[in-house]
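Descriptive analysis of the structure
One letter stands for each residue in the lines below.
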Amino acid sequence: MKCAYHPDRDATARCSQCKKPLCDECAIPEGGKSFICSRCAALKAARDVVEGIDQRIGEKEGKKQEQELRKKWKSKIWVVSQLFIIAVCIAIIVIQVPRLVSTFEDEKPIRYGTHSTDARTDQCIKNLWHISKLLQEGKLPGKDIICPASKIPYVVTETEGDVVVRSPKPELYGFTEIRVSKKRPVPELIR
Ligand SMILES: [Zn+2]
Ligand SMILES: [Zn+2]
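This part is about the confidence of the model for the chain. Mean pLDDT over the chain works out to 87, with 92% of the residues at or above the 70 mark. Predicted confidence in the chain is weakest over strand β8 (residues 188-190), with a mean pLDDT of 87, and strongest over strand β2 (residues 21-22), with 96.

At the metal site, the zinc ion (ligand 1) is ligated by Cys15 (SG), Cys18 (SG), Cys37 (SG) and Cys40 (SG), and these contacts range over 2.1 to 2.4 Å. Taken in chain order, the donor set of the zinc ion (ligand 1) reads C-x2-C-x18-C-x2-C. With Cys15 in the loop between β1 (13-14) and β2 and Cys40 in helix α1 (residues 38-104), this residue pair connects regions lying 25 residues apart in the sequence. Look at Cys40 and you get buried, because its relative accessible area is 7%.

The geometry of an aromatic ring pair comes down to the distance between the two centres and the angle between the two planes. Per the stated rule, a full pass over the model turns up 0 aromatic pairs. If you follow Lys76 out to its NZ or CZ, it ends over the ring of Trp73, 5.5 Å from the centre. Note that Arg191 overlies the ring of Phe175, its terminal NZ or CZ placed 4.5 Å from the centroid.

On to the coordination of the zinc ion (ligand 2). In this structure, Cys3 (SG), His6 (ND1), Cys23 (SG) and Cys26 (SG) serve as the protein donors to the zinc ion (ligand 2), at separations of 2.0 to 2.3 Å. Around the zinc ion (ligand 2) sit 4 donor atoms, and with donor-metal-donor angles ranging over 95 to 116° the site reads as tetrahedral. On the basis of relative accessible area, Cys23 is assigned to the buried category, the value being 2%. Among the residues examined, Cys26 registers a relative accessible area of 11% and is labelled buried.

A few words now on helix α2 (residues 119-136). For α2, built from 18 residues, the straight-helix expectation of 26 Å at 1.5 Å per residue is met to within 8% by its first-to-last C-alpha distance of 26 Å. Among the structural elements, β6 (162-166), β7 (177-181) and β8 are those in contact with the buried residues of α2. Looking one or two places after α2, you find Gly138, whose phi comes out positive at around 85°.

Further remarks concern the pattern of salt bridges. Across all of its chains, the model carries 8 salt bridges by this definition. With a closest N to O distance of 3.0 Å, Arg179 and Glu188 form a salt bridge. Pair check on accessibility: Arg179 and Glu188 agree, each one buried. Three or more residues joined by partner-sharing salt bridges are found here, namely Arg166, Glu177, Arg179, Arg184 and Glu188.

We now examine a nonpolar patch on the surface. A grouping of Trp78, Val79, Leu83, Ile86, Ile90 and Val94 is seen on the molecular surface, where their side chains present a nonpolar patch of about 620 Å² in accessible area. Looking at where Trp78 falls in the secondary structure, it is placed in helix α1. Classification of Trp78 as exposed rests on a relative accessible area of 55%.

Pairing of strand β5 (residues 155-159) with β6 involves 5 bridges; the strand directions are antiparallel. Along β6, the bridge assignment pairs Glu158 with Val163. What sits between the antiparallel neighbours β5 and β6 is a turn of 2 residues, in which Gly161 has the positive phi angle 75°.

Analysis parameters
Residues numbered from 1 in each chain as written. Chains lettered and ligands numbered in written order. Predicted model: local features only at pLDDT ≥ 70, side-chain atom pairs only at ≥ 80, totals over all residues. Heavy atoms only, no water. pLDDT = per-residue confidence, 0-100. Helix = DSSP H or I, 4+ residues; strand = E, 2+ residues; numbered from the N terminus. Donors = N, O, S within 2.8 Å, 3.2 Å for Na, K, Ca; no water. Buried < 20%, exposed > 50% of the residue type's maximum accessible area, 1.4 Å probe, protein only. Phe/Tyr/Trp six-rings, centres within 6.5 Å; stacked < 30°, edge-to-face > 60°. Lys NZ or Arg CZ within 6 Å of the ring centre and 35° of its normal. Tetrahedral: all angles 85-135°; square planar, octahedral: opposite > 155°, others 65-115°. Expected span 1.5 Å × (residues − 1). Contact = heavy atoms within 4.5 Å. Salt bridge = Lys/Arg side-chain N within 4 Å of Asp/Glu carboxyl O. Patch = residues over 30% accessible without salt bridge, like charges linked within 9 Å, V, L, I, M, F, W, Y side chains within 5 Å. Areas by Shrake-Rupley, 256 points an atom, 1.4 Å probe, with all protein chains shown as cover. Pairing = 2+ DSSP bridges.

If you want it as structure tokens, here you go:
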């Protein structure tokens with residue numbers, strides 16, 4: 001058998017890749033008893049280089065993807081935390097707004113303590129709020145403000161440094177005293 005590359009020379013080996021017969025000069029030892037031709041060796045080397053590049057590109061892309069994934073996660077966490085903060089703010093506003101509104105509402109009858117009051121008592125408390133406002137302005141309630149249960153004006157007691165205004169008949173509402181004063185501007189209902 002002659003060498004595939006040198007038709008005048010006898011083949012002494014065979015290429016492990018293309019199986020072509022090779023002379024001593026053409027047979028490149030691969031280790032052990034295996035030989036390879038120069039063409040296949042070049043192809044193999046080229047393939048190895050390409051594979052190496054592919055691998056490196058793959059690693060780089062893997063890292064890139066990992067970084068992008070991390071970035072995405074970071075941005076997601078950021079968005080979620082922002083949404084959470086916004087939600088908390090909205091919750092606080094929703095909870096606080098009725099309170100704020102109630103502080104601005106004028107002369108609103110209150111249900112003092114744990115006493116449950118009826119509509120007539122509420123009207124009386126509303127009157128006391130109005131009187132409280134007058135007292136704070138340094139005025140006294142006129143006779144036109146009438147206790148709704150007894151149909152008579154409120155009792156005004158001026159003491160040193162204070163003015164107390166009482167319902168004339170608190171017992172009609174089921175209380176021993178219903179009052180407001182300059183010093184204590186929140187109407188009080190005492191059982
Ligand atoms: Zn070969
Ligand atoms: Zn040869």
